[in-house]
Amino acid sequence: MRKTSTGLSFDSRDLMRSQCSHCTRLSMARELQVAGLQELIDEFYVKPDSLAIRYGMKYEAALENELVQNLGELVKAPQPQTLDATLELMSQGVPVIYQGVLKGGSGQLEFSGRPDFLLRGDYRFVMTEAGLSATQIGDWTGGYTAWDAKLSATAKPDYQIQVGLYADALRVLEQEAKAEHGLILGNREFAAFSADALIAQMLQKRQAYEASVATFVQQEPKTLSDLGELVCEASTYCEMCEYPALCKHFRHQTNHLQLVAGITKAQIDALKLLGISTVRQLAELDEPTEKHSIEVIRKLALQARLQQNFFDTGVRSQVVADPELLSGLPEANPGDLFFDLEGFTFFGEPGGLEYLWGWVDAKGEYFYRWADDRAGEEQAFEAFMEAVLVNRKRYPQSRIYHYAHYEKTALKKLAARTGKYEYELMQLIETGVFVDLYKLVDKALVISEERYSIKNLENFYEFDRSSDVKEAMGSMEFYDKYLSTLAEDEDAAEKLKRQVIAYNRDDCASTLALYRWLLDLT
């Protein structure tokens with residue numbers, strides 16, 4: 001959201017995250033210069049940055065480079081990057097315009113955006129051995145279509161709405177071609193849609209957004225207190241927000257219900273109708289009434305009590321909420337394995353890359369396989385499955401423990417992709433050899449933590465990590481650095497590799513320690 005000489009202007013990101021009223025209110029209040037807000041957001045501002053953003057930009061740049069290499073002078077960017085310069089290239093009939101600017105649209109608010117590519121109506125994008133190119137079909141009758149590059153393998157609704165904004169702007173500017181607009185997906189496939197379909201899909205969301213803007217402006221907020229709760233209601237768009245630290249600050253300052261582990265937005269809304277808006281108030285709820293969903297609220301209230309007690313005293317605690325379920329944990333077996341898999345979502349081929357396979361045995365000895373490409377991934381998969389099958393012959397009652405569903409999902413994906421060990425893996429899964437400890441913890445325990453990650457659980461069994469990598473996304477960051485360093489400095493790359501391996505070893509050992517702790521609780 002930006003205030004211009006003619007009023008308020010929005011971009012595609014504003015519309016994409018408009019379902020979060022907090023993001024919308026904050027961006028509008030900033031432009032309306034609500035007293036005290038600028039100082040506050042300056043304190044908590046964080047430039048949006050993630051591997052997803054960086055790799056998305058790399059993908060767009062790669063496609064631009066391929067077009068320039070394949071089409072030469074048929075591809076141009078406006079200089080300067082303005083609407084007038086973009087319209088000038090259109091008037092010249094440039095077949096492909098990249099980094100162009102579109103403004104206007106049919107809405108009450110002015111839209112301003114930058115489609116990745118504007119394609120002349122008589123051209124169609126094609127994928128060749130040399131990458132992205134375009135070919136001419138028929139005669140040009142005028143106009144352009146809009147295309148965005150997205151690293152995703154699917155044409156998500158938000159992406160379609162974004163292109164719908166471009167199509168609408170082109171229509172109002174009388175620069176719309178009679179052809180389909182669309183997306184260039186991360187798997188290098190095209191998703192094409194008619195302008196009418198894209199605009200119709202976009203209109204409902206834009207109208208709701210414009211209505212919320214109009215309502216907010218009419219309220220004429222003057223101070224921070226006029227803005228209401230400065231906490232994000234939905235986390236879906238936090239990675240594209242500049243102020244996640246602001247939300248975190250106010251969650252803790254206001255003792256917000258969002259701090260309660262596992263709580264949903266619908267549950268928060270229902271509790272607020274009953275006059276419960278803080279963790280402490282929920283913690284003090286003695287007994288649910290007929291107005292509550294009794295079992296759900298009981299567990300949430302218990303969760304809130306444990307967390308509030310930790311906030312107040314610094315003492316961590318846990319409660320076994322389902323002793324019968326916990327007692328079903330399999331007995332220890334000398335052949336038990338504790339498995340953790342590291343994947344890199346942004347590998348250059350669809351499906352990502354499972355690059356590090358690690359497991360420890362019941363004695364705590366660590367084993368791993370490393371992969372930098374598809375061939376290495378397949379070899380690591382085969383080595384792991386062979387180790388499992390040999391181990392099962394020796395210890396028929398052994399189990400493979402992991403935390404959350406990623407490992408099992410990745411194994412099924414690789415078995416299907418390679419056509420290997422499909423039957424054996426199905427047998428292992430169906431006979432309960434794989435045991436997801438997260439499912440057990442989530443259902444059987446209540447702990448005084450805001451999250452139920454294995455890192456949070458380590459506070460209860462006093463596990464000390466030795467690696468410098470602290471989170472799963474951190475391991476992907478390290479692997480990304482490893483890849484970029486590998487060609488330039490093998491020694492530095494090897495150091496990064498060892499850090500990721502150490503992180504994986506910690507995760508495997510922590511899974512073993514968690515299992516032993518859970519056994520002690522039975």
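Bear in mind the structure is a predicted one, so any value in this text is a computation, not a measurement.

1. Digging into the overall build of the chain
Argument step 1. A count of helices and strands for the chain gives 19 helices and 19 strands.
Argument step 2. A principal-axis box enclosing the C-alpha atoms of the chain has dimensions of 75 × 60 × 45 Å.
Argument step 3. Counting all 522 residues of the chain, 49% fall into the buried class.
Argument step 4. For the chain, restricting intrachain contacts to residue pairs at least 6 apart in sequence, the fraction spanning at least 24 positions comes to 67%.
Argument step 5. Carbon and sulfur atoms provide 50% of the accessible area of the chain, an area that totals close to 25300 Å².
Argument step 6. When the 56 basic and 79 acidic side-chain charges of the chain are each reduced to a single mean position, those positions are 2 Å apart.

2. A look at the sheet that holds strand β14 (residues 337-344)
Argument step 1. In space, the five strands of this open sheet follow the order β16-β15-β14-β17-β18, with mixed pairing throughout. In the strand order of this sheet, the two ends are held by β16 (366-370) and β18 (434-436), each with one partner. Going across the sheet, the axis of each strand differs from the next one's by a mean of 25°, ignoring polarity.
Argument step 2. Two elements, strand β17 (residues 400-402) and β18, share three bridges in a ladder whose sense is parallel. Each bridged residue has a counterpart across the sheet, and for Ile 400 the counterpart in β18 is Phe 434.
Argument step 3. Its contacts with the sheet place helix α16 (residues 437-444) against β17 and β18, and it is angled at close to 40° to β18.

3. Overview of the sheet that holds strand β6 (residues 110-113)
Argument step 1. Taken in spatial order, the four strands of this open sheet run β1-β2-β6-β5, and their pairing is mixed. If you trace the sheet from one side to the other, it starts and ends with β1 (2-4) and β5 (102-104), each paired once. Ignoring strand direction, the axes of neighbouring strands in this sheet form an average angle of 30°.
Argument step 2. Direction of pairing for β5 relative to β6: antiparallel, over a ladder of three bridges.

4. Section: empty space enclosed by the protein
Over the atoms, a rolling probe the size of a water molecule traces out where space has been left empty.
Argument step 1. What the rule picks out here adds up to one cavity of 30 Å³ or more.
Argument step 2. Of the pockets and cavities examined, the largest cavity occupies roughly 40 Å³.
Argument step 3. Around the largest cavity, the lining residues are Arg 17, Cys 23, Leu 26, Ser 27, Arg 30, Cys 241, Glu 242 and Tyr 243.
Argument step 4. Classifying every residue of the lining of the largest cavity gives four nonpolar, one polar and three charged.

5. Looking at the environment of Ala 214
Argument step 1. Note on placement: Ala 214 falls in helix α7 (residues 195-219).
Argument step 2. In this structure the C-alpha to C-alpha distance between Ala 214 and Ala 416, which are 202 residues apart in sequence, comes to 52 Å.

6. Details of the pattern of salt bridges
Argument step 1. Tallied over the entire structure, the rule returns 27 salt bridges.
Argument step 2. With a closest N to O distance of 3.0 Å, Asp 49 and Arg 54 form a salt bridge.
Argument step 3. Between Arg 120 and Asp 122 there is a salt bridge, with its nearest N and O atoms 2.8 Å apart.
Argument step 4. By relative accessible area, Asp 122 is classed as buried at 1%.
Argument step 5. Put simply, Arg 13, Asp 14, Arg 17 and Glu 242 are held in one network by salt bridges that share partners.

7. A few points about the nonpolar core
Argument step 1. Counting 47 residues, the largest nonpolar core has Phe 344, Leu 437, Leu 514 and Leu 518 as the members making the most contacts within it.
Argument step 2. The element that contributes the greatest number of residues to this core is helix α19 (residues 490-521), accounting for ten residues.
Argument step 3. The contacts of Phe 344, once residues within four sequence positions are left out, are Leu 51, Tyr 55, Gly 352, Leu 353, Tyr 355, Met 476, Tyr 479, Asp 480 and Leu 483.
Argument step 4. Counting residues in each nonpolar core, the second largest holds 45 residues, with Leu 8, Ala 29, Tyr 144 and Met 202 among its members.

8. Side note on a negative patch on the surface
Argument step 1. Taken together, Glu 488, Asp 489, Glu 490 and Asp 491 make up a surface patch of like negative charges.
Argument step 2. In this structure, Asp 491 sits in helix α19.

9. What about the side chain of His 22?
Argument step 1. Within the secondary structure, His 22 sits in helix α2 (residues 21-31).
Argument step 2. Residues in contact with His 22, not counting those within four places in the same chain, are Glu 229, Leu 230, Val 231, Cys 232, Glu 233 and Cys 247.

10. What to know about the packing of aromatic side chains
Argument step 1. Following the criterion strictly, the structure yields 32 aromatic pairs and no others.
Argument step 2. Where Phe 381 meets Tyr 421, the ring centres are 6.0 Å apart and the plane angle is 90°; that geometry is what we call edge-to-face. You can see Phe 381 sitting in helix α13 (residues 374-394) and its partner Tyr 421 sitting in the loop between α14 (406-418) and α15 (422-430), a full 40 residues away along the chain.
Argument step 3. Aromatic ring contacts, followed pair by pair, group Tyr 55, Phe 344, Phe 346, Tyr 355, Trp 370, Tyr 479 and Tyr 482 into a single cluster.
Argument step 4. We note Lys 58 situated over the ring of Tyr 55; from NZ or CZ to the ring centre the distance is 4.5 Å.
Argument step 5. The ring of Phe 478 carries the charged tip of Lys 481 above its face, separated from the ring centre by 5.6 Å.

11. Some thoughts on unusual backbone geometry
Working note: non-glycine residues mostly have negative phi, and peptide bonds are mostly trans.
Argument step 1. The residue after Gln 79, namely Pro 80, is reached through a cis peptide bond having omega 0°.
Argument step 2. You can see Pro 80 is positioned in the loop between β3 (75-76) and α5 (83-92).
Argument step 3. Its identity is not glycine, yet Gln 99 carries a phi of approximately 60°, on the positive side.
Argument step 4. In the Ramachandran plot, Glu 462 falls in the positive-phi region, its phi being about 50° despite a non-glycine side chain.
Argument step 5. Mapped onto the secondary structure, Glu 462 falls in the loop between α17 (454-461) and α18 (472-486).

12. What to know about the packing of α13 against α14
Argument step 1. In contact at an axis separation of 11 Å, α13 and α14 are set at 115° when each is read in the N-to-C sense. Between α13 and α14, the angle is such that the two are roughly perpendicular. Judged by the sense of rotation from one axis to the other, the crossing of α13 with α14 is left-handed. Contacts between α13 and α14 involve Arg 374, Glu 377, Glu 378, Phe 381 and Phe 384 on the former and, on the latter, Leu 411, Leu 414, Ala 415, Arg 417 and Thr 418.

13. A word on α19
Argument step 1. The first and last C-alpha atoms of α19 sit 46 Å apart over 32 residues, in line with the 46 Å expected at 1.5 Å per residue.
Argument step 2. For α19, the side-chain oxygen to backbone nitrogen distance between the N-cap and Asp 491 is 3.2 Å, and the N-cap itself is Asp 489.

14. Structural notes on the pairing of β14
Argument step 1. Among the eight residues of β14, eight are classified as buried, and the element is accordingly described as predominantly covered.
Argument step 2. On β14, burial covers both faces: Leu 337, Phe 339, Leu 341 and Gly 343 on one face and Phe 338, Asp 340, Glu 342 and Phe 344 on the other are all buried.
Argument step 3. In this structure, β14 lies alongside strand β15 (residues 353-361), joined through eight bridges in antiparallel fashion. When the bridges of β15 are listed, Phe 338 appears paired with Val 360.
Argument step 4. With two bridges connecting them, β14 and β17 associate as parallel partners.

Basis of the calculations
- Residues numbered from 1 in each chain as written.
- Predicted model: local features only at pLDDT ≥ 70, side-chain atom pairs only at ≥ 80, totals over all residues.
- Heavy atoms only, no water.
- Helix = DSSP H or I, 4+ residues; strand = E, 2+ residues; numbered from the N terminus.
- Buried < 20%, exposed > 50% of the residue type's maximum accessible area, 1.4 Å probe, protein only.
- Contact = heavy atoms within 4.5 Å.
- Areas by Shrake-Rupley, 256 points an atom, 1.4 Å probe, with all protein chains shown as cover.
- Lys, Arg positive; Asp, Glu negative; His and termini not counted.
- Charge placed at Lys NZ, Arg CZ, Asp CG, Glu CD.
- Pairing = 2+ DSSP bridges.
- Axes fitted to C-alpha atoms, helices over the stretch in contact; angles between N-to-C directions.
- 1 Å grid on protein atoms, 1.4 Å probe; cavity = no way out; pocket = protein on both sides within 12 Å on 5 of 7 lines; lining within 4 Å.
- Points joined across faces, edges and corners; volume = space filled by probe spheres on them.
- Nonpolar A, V, L, I, M, F, W, Y, C, P; charged D, E, K, R; others polar.
- Salt bridge = Lys/Arg side-chain N within 4 Å of Asp/Glu carboxyl O.
- Core = buried A, V, L, I, M, F, W, Y, C linked by side-chain atoms within 4.5 Å.
- Patch = residues over 30% accessible without salt bridge, like charges linked within 9 Å, V, L, I, M, F, W, Y side chains within 5 Å.
- Phe/Tyr/Trp six-rings, centres within 6.5 Å; stacked < 30°, edge-to-face > 60°.
- Lys NZ or Arg CZ within 6 Å of the ring centre and 35° of its normal.
- Parallel < 35°, antiparallel > 145°, perpendicular 65-115°, else oblique.
- Left-handed = near helix turned anticlockwise from the far one by under 90°.
- Expected span 1.5 Å × (residues − 1).
- Polar contact = N/O pair within 3.5 Å; in protein donor to acceptor, adjacent residues only side chain to side chain.

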